[in-house]
Amino acid sequence: MGLDTDTIRRDFPVLDRTVNDTPLVYLDNAATTHTPTQVYDTYEDYYSRYNANVHRGIHTLSHEASQAYEAAHDRLAEFVGADGREEMVFTKNTTEAMNLVAYGWGVNRLDPGDAIVTTEMEHHASLVTWQQIAEKTGADLRYIRVTADGTLDMDHARELIDDVELVSVAHVSNVLGTVNPVRELAALTHDHDGVILVDGAQSVPTRPVDVKTLDADFLAFSGHKMAGPTGIGCLYGKRHRLEAMEPFLFGGEMISHVTFDDSEWNDLPWKFEAGTPPIAEGIALAAAADYLDDIGMDAVREHEAALAQYLIDELDARDDIEYYGPPGDVERSGLVSFNVDGVHGHDLSELLDNHGIAVRAGDHCTQPLHDILDIPGSVRASVYVYNTRGEIDTLLDALENAQRKRDHLLTDHYHDLIADYYQNPTNPDGITNPTFRKHSAETTCGDEGEFHVRVDETGRIEALGFQSDSCAVSQAVASLLADHLTGAHIDDLTDLSGTVDALLDGDFPDMRRDCVVGPEDVLQAGAREHLTDS
Ligand SMILES: Cc1ncc(COP(=O)(O)O)c(C=O)c1O
């Protein structure tokens, strides 16, 4: 039987709000989920009745806070099948949990030439962290290939894991929705005496996860993606792994005895929780675990799978849409990334927002994976326990005729110059013989772009052009600048702040400020570099 979304939705008052005069359709759950009243009632109860520091006071409030905080560790341990609080460390988020393994375990254990194996579909939280650790230790970082259907190439995995110290793998890809065969990867890793860290940011909130079944040495996840608060994440570790691991942060709470010469570490898990921990957040996260278990994690997984299957079937039937990752009939999570032909993700995201729909657009912190997919970015719709098939229909309706809607968006929400310059751009293919070029690789949307500037011997700008894959707004602004600044002096380009704002009379949605001022910043940086170099 499916989830009773009518009842569930009553627990999330935010879902009653409107955005741009239409009911909110929140499909950005892979970034952050909403929090039910049961969770923030717990949070409020803590602050209104027993807010106090933990493990530090011989008074009633501190005692109550300590007990609730400790019990929260047991609850989260139980949620993922661990053996108790000793195996459950509270962190700020998944990223910090992974860094704890990287610095506590990796830096102390890895030697030059040791192998770290990860995958091409990792989130930057993992990929960038292991790059840093490889650089610090001299270890060799290897990536398991992603196949054309968005799964891991397991032959390649077997080849790479032949000799390994550490494997770090996302359980569920935050772009492709792929559910990776963690159990098989763990068996391979252990056959070669390695250690496996599982990034559970997208799996723990969306399906039953049992660390014993997976045989994971470490599992990292975040509270804010599982109906819990922000500011709290978890690192599960097998007890003997955590006992052997060095702390990463030092200070109060994590010690048992300190002299001027030396310190001894506290018991697990406190050894890894230096300073005042996220007490209210931890206690509220336990309430989120209760909430999800009341629904049932099998039911959560099935609900997500059914909505994803429906969305994929509908997207697949449209000629102007491409989605990424395994087909709907293969096990995957409830997130679907896609692109609409000719409509940049930022423009699409804004036009969906006009229909009250929240999605995520950009590279989703997986730039190398987007390079493999050969796309600058994608739009991601992701569901959770409160989403309905009706909301997927609202999304699908809004995606109809997206190009035409994008053109209306430019006319309705921006100064006339934006639509004009987008339709009739100035030098959109660049110019010949530029004196200098300035390349930009935008990090939030992954766009590549380049300004070309030709300067005469007196320092006057003879011609300006650009080449860009970026959104319609940024392209229009680049074109506007190309026109407006032709004839100006190069010195004028070194301080362009406020130029575009003034040209557009501030007539653009503030939400798109980065897209509007981005070209100005790039051009300004290019002019400064040119003058410094020449
Ligand atoms: C697969 C994956 N790993 C790690 C993270 C990082 O999570 P956080 O930002 O909560 O640290 C995310 C967040 O989107 C994710 O999807």
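Above this text you will find the structure in question.
No experiment lies behind these values; they were computed from the predicted model shown. (Residues numbered from 1 in each chain as written. Predicted model: local features only at pLDDT ≥ 70, side-chain atom pairs only at ≥ 80, totals over all residues. Heavy atoms only, no water.)

Caption draft 1: A look at the state of the cysteines. Considering all chains together, one arrives at zero disulfides under this definition. C471 forms no disulfide, and the closest cysteine sulfur to it belongs to C515, at a distance of 3.9 Å. Residue class for C471 comes out buried when judged on its relative accessible area of 1%. (Disulfide = S-S within 2.5 Å. Buried < 20%, exposed > 50% of the residue type's maximum accessible area, 1.4 Å probe, protein only.)

Caption draft 2: Molecular detail of the side chain of T129. In this fold, T129 is placed in helix α5 (residues 124–137). Residue classification places T129 among the buried residues on the basis of a relative accessible area of 7%. Setting aside chain neighbours within four positions, we find T129 in contact with M98, N99, A102 and H124. (Helix = DSSP H or I, 4+ residues; strand = E, 2+ residues; numbered from the N terminus. Contact = heavy atoms within 4.5 Å.)

Caption draft 3: Fine view of unusual backbone geometry. Backbone torsion omega between L268 and P269 reads 0°, so that peptide bond is classified as cis. Topologically, P269 is positioned in the loop between β12 (263–265) and α10 (279–295). Non-glycine residue D21 carries a positive phi angle of around 60°. The residue D21 is located in the loop between β1 (18–19) and β2 (22–23) in this model. Even without being a glycine, A227 presents a positive backbone phi close to 70°. On the secondary structure map, A227 appears in the loop between β9 (218–222) and β10 (233–237). We classify A227 as buried; its relative accessible area is 1%.

Caption draft 4: Examining the pattern of salt bridges more closely. Taken as a whole and assessed by the stated rule, the structure comprises 28 salt bridges. With its nearest N and O atoms 3.2 Å apart, the salt bridge here joins R437 to E450. Placement of R437 in strand β18 (residues 436–441) and of E450 in strand β19 (residues 448–455) is noted, with a sequence separation of 13 residues between them. (Salt bridge = Lys/Arg side-chain N within 4 Å of Asp/Glu carboxyl O.)

Caption draft 5: View of the packing of aromatic side chains. Evaluated as defined, the whole model comprises 10 aromatic pairs. Aromatic pair F12 and Y291: ring centres 5.8 Å apart, planes at 80°, arrangement edge-to-face. One end of the pair, F12, is in the loop between α1 (5–10) and β1; the other, Y291, is in helix α10, and 279 residues separate them in sequence. Pair check on accessibility: F12 and Y291 agree, each one buried. (Phe/Tyr/Trp six-rings, centres within 6.5 Å; stacked < 30°, edge-to-face > 60°.)

Caption draft 6: Structural context of the sheet that holds strand β17 (residues 378–382). Strand order across the open sheet formed by four strands is β13-β14-β17-β16, with antiparallel pairing between neighbours. Only two strands of the sheet have a single neighbouring strand rather than two, namely β13 (321–324) and β16 (360–362). This sheet shows a mean twist of 30° between the axes of neighbouring strands, independent of strand direction. In the packing of helix α12 (residues 345–353) onto the sheet, the strands contacted are β14 (335–340), β16 and β17, and the crossing angle to β16 comes to about 165°. (Pairing = 2+ DSSP bridges. Axes fitted to C-alpha atoms, helices over the stretch in contact; angles between N-to-C directions.)

Remember, this is a structural readout, not a statement about activity or role.
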